[in-house]
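# A closer look at the structure
In case you want the letters, here they are:
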Amino acid sequence: MTTQEISDAELAGQPAAYWTGVAYEALIAYTRARQAEKGYTQPQFWLLRNLSENDISPDGEGMTLSELRAAMASYIRPEDDLAAEAEVLVERGWLTRDSEDRLWLTAEGEQARVDLASNAPAIRAALHEGIDDTDYVTTVKVLQRLIRNAGGTAA
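A short tour of the structure in this document, coming up. Not measured: the values here are computed from a predicted model.

## Details of the nonpolar core
- Among the nonpolar cores identified, the biggest contains 18 residues, and Leu47, Leu48, Leu68, Leu95 and Leu103 are the most heavily contacted of them.
- Elements with a minimum of two residues in this core: α3 (42-51), α4 (65-71), α5 (82-92) and α6 (107-117).
- The element that contributes the greatest number of residues to this core is α3, accounting for 5 residues.
- If we skip the residues at most four places from it in the chain, Leu95 touches Leu48, Leu51, Ala86, Leu89, Val90, Leu103, Trp104, Leu105 and Thr106.

Encoded structure:
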């Protein structure tokens, strides 16, 4: 499906699930490509975020890969190999592993998390180019309503 020469009435009748799926794949691919250009992966960034008490982690305590997978269950992709991604971060000195196989964020890893997070505004700006904030908010509200109508929970 494309929007070429499709009237608004025809577009209104198209399935939201199709367009949200296309949007999801395109947005993830774009984000991951920009992150790869900077030398890191989205799962690596998520690992750092989930282990940082200054971000997602409530206490900064170390976590096993199993605990990290569970924490990321709502957004990790099937192709993401957290063990391999974590190993890269251990090799970089951004994570350490203790005797109980828990991963811990190092000071260097925390600084990397902060540095990597600074890439997000440029990615967002590129994705939002030509989209008014009011239109974006309306779109998100419509998506939240679709989610609720489908019996889901919109955060």
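What follows picks up the thread again.
## Here we look at the environment of Glu87
- For Glu87, the position within the fold is in helix α5.
- The spacing of Glu87 and Ala16 is 71 residues in sequence and 39 Å in space, taken between C-alpha atoms.

## Observations concerning the packing of aromatic side chains
- This model, assessed by the stated rule, comprises 3 aromatic pairs.
- Taken together, a centroid distance of 4.8 Å and an interplanar angle of 70° make the contact between Trp46 and Tyr75 edge-to-face. With Trp46 in helix α3 and Tyr75 in the loop between α4 and α5, this residue pair connects regions lying 29 residues apart in the sequence.
- Among the residues examined, Trp46 registers a relative accessible area of 10% and is labelled buried.

## Thoughts on α5
- Of the residues making up α5, those classed as buried are Leu82, Glu85, Ala86 and Leu89. For α5, the angular spread of buried residues about the axis comes to 100°, placing them on one side.
- Considering only its buried residues, α5 is in contact with α3, α4, β1 (95-97) and β2 (103-105).
- For α5, the side-chain oxygen to backbone nitrogen distance between the N-cap and Ala83 is 3.2 Å, and the N-cap itself is Asp81.
- Among the residues trailing α5, Gly93 stands out with phi positive, at a value near 85°.

## Some remarks on the side chain of Gln44
- When you line up the elements, Gln44 lands in helix α3.
- Not counting chain neighbours up to four residues away, the residues in contact with Gln44 comprise Gly39, Glu85, Val88, Leu89 and Arg92.

## Digging into the pattern of salt bridges
- Applying the stated criterion across every chain yields a total of 10 salt bridges.
- Notably, a salt bridge pairs Asp55 with Arg49, separated by 2.7 Å at the nearest N-O pair.
- On the accessibility criterion, Asp55 (26% relative accessible area) is partly exposed.
- For Arg102, the salt bridge identified is with Glu67, shortest N-O distance 3.2 Å. Of the two residues, Arg102 is situated in the loop between β1 and β2 and Glu67 in helix α4; the sequence distance between them amounts to 35 residues.
- Under the relative-accessibility criterion, Arg102 is labelled partly exposed at 21%.
- Through salt bridges that share partners, Arg49, Asp55, Glu110 and Arg113 make up one connected network.

Rules behind the numbers
- Residues numbered from 1 in each chain as written.
- Predicted model: local features only at pLDDT ≥ 70, side-chain atom pairs only at ≥ 80, totals over all residues.
- Heavy atoms only, no water.
- Core = buried A, V, L, I, M, F, W, Y, C linked by side-chain atoms within 4.5 Å.
- Buried < 20%, exposed > 50% of the residue type's maximum accessible area, 1.4 Å probe, protein only.
- Helix = DSSP H or I, 4+ residues; strand = E, 2+ residues; numbered from the N terminus.
- Contact = heavy atoms within 4.5 Å.
- Phe/Tyr/Trp six-rings, centres within 6.5 Å; stacked < 30°, edge-to-face > 60°.
- Arc of directions from axis to C-beta.
- Polar contact = N/O pair within 3.5 Å; in protein donor to acceptor, adjacent residues only side chain to side chain.
- Salt bridge = Lys/Arg side-chain N within 4 Å of Asp/Glu carboxyl O.

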